[in-house]
Amino acid sequence: MDLLGSILGSMDASKPKPPSEKERLMKKKQKELAAKLEEKHREAKLKFRTKVETQITDFLKQENGQTLKFSAMDNYHRSVVHDVAEIAGLVTFSFGEEDVDRHIQVWKKEFSPCEGELAALRRGEEFDPVKEKLEREEREWSEKLEVERSRTLNKVAPKTNYHEKYEHLIGIDSALEAARKTETNAQYGMVSAEQKKDRRTVEDIQAQLRAKKRLKVDNEQGLTRFDLV
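This report concerns the structure included in the present document. (Residues numbered from 1 in each chain as written. Predicted model: local features only at pLDDT ≥ 70, side-chain atom pairs only at ≥ 80, totals over all residues. Heavy atoms only, no water.)

## Comments concerning helix α4 (residues 115-122)
Each α-helix turn comprises 3.6 residues. Residues three or four places apart therefore point the same way.
Argument step 1. Restricting attention to buried positions, one finds in α4 the residues G116, E117, L118, A120 and L121.
Argument step 2. Here the buried face of α4 lies against β2 (91-95), β3 (103-107) and α5 (129-154).
Argument step 3. G124, located one to two residues past α4, shows a positive phi value of around 80 degrees. (Buried < 20%, exposed > 50% of the residue type's maximum accessible area, 1.4 Å probe, protein only. Helix = DSSP H or I, 4+ residues; strand = E, 2+ residues; numbered from the N terminus. Contact = heavy atoms within 4.5 Å.)

The following block contains the structure:
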């Protein structure tokens with residue numbers, strides 16, 4: 001055998017053997033089984049989605065229905081519920097631990113849960129609106145007390161007091177009396193319309209104007225005499 005024949009012979013020997021009839025039948029059955037399983041999964045998914053759509057449709061028909069809770073399910077089935085609920089215009093939230101009791105609860109938009117209800121459901125507790133209201137009022141009251149306490153602590157004490165300020169001028173008794181009579185204007189920083197009114201009479205105003213004119217004339221005459229000198 002020459003060299004070329006040897007090479008061709010080795011190449012033919014390295015080729016895989018064609019499958020036998022039994023192997024071809026087995027491979028065909030495997031493909032058919034995979035196709036059946038895929039079709040079965042597809043039908044199961046479609047059936048589940050139809051079931052969820054029916055549940056949500058019935059829920060929407062209930063006039064007094066506010067919320068609907070689904071049983072625990074895996075991530076894929078929860079995604080189907082979220083999708084169907086979103087299309088129906090519902091509000092959805094998931095609660096529970098993954099792979100344990102993770103489930104979905106849906107609400108009609110007009111009955112959307114408040115933060116207190118969501119917090120209770122995330123803790124695995126039943127929501128009590130009366131209890132939540134009392135707790136909210138207590139928190140608000142505590143916050144107000146804390147604000148008031150902060151304001152009290154931040155108040156600046158006066159550097160002087162009226163007793164010592166006026167004692168050396170008008171005596172101890174008068175200083176005490178002046179301190180007692182000192183009152184803070186209730187409208188601090190603003191002047192009321194009543195306080196802005198001019199309470200002078202027409203005669204008072206005319207008299208003041210004449211006095212100002214005489215003073216002006218006297219000042220001009222005085223300046224003239226000073227210039228002549």
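From this point, the narrative continues.
## A closer look at helix α2 (residues 21-61)
Argument step 1. In this model α2 runs 60 Å from its N-terminal to its C-terminal C-alpha over 41 residues, within 8% of the 60 Å that 1.5 Å per residue would give.
Argument step 2. Residues F48, V52, I56 and F59 constitute the buried set of α2.
Argument step 3. Against the buried residues of α2 lie β1 (67-69), α3 (75-87) and β3. (Expected span 1.5 Å × (residues − 1).)

## What about the nonpolar core?
Argument step 1. Membership of the largest hydrophobic core comes to 13 residues, with the highest contact counts inside it found for F48, V52, I56, F70, V81, L90 and V106.
Argument step 2. Sorting the residues of this core by element identifies α2, α3 and β3 as the ones contributing at least two each.
Argument step 3. The contact partners of V81, leaving out residues within four places of it in the chain, are F48, V52, F70, M73 and I104.
Argument step 4. Formed by 5 residues, the second largest nonpolar core is a distinct cluster that contains V91, F95, W107 and L118. (Core = buried A, V, L, I, M, F, W, Y, C linked by side-chain atoms within 4.5 Å.)

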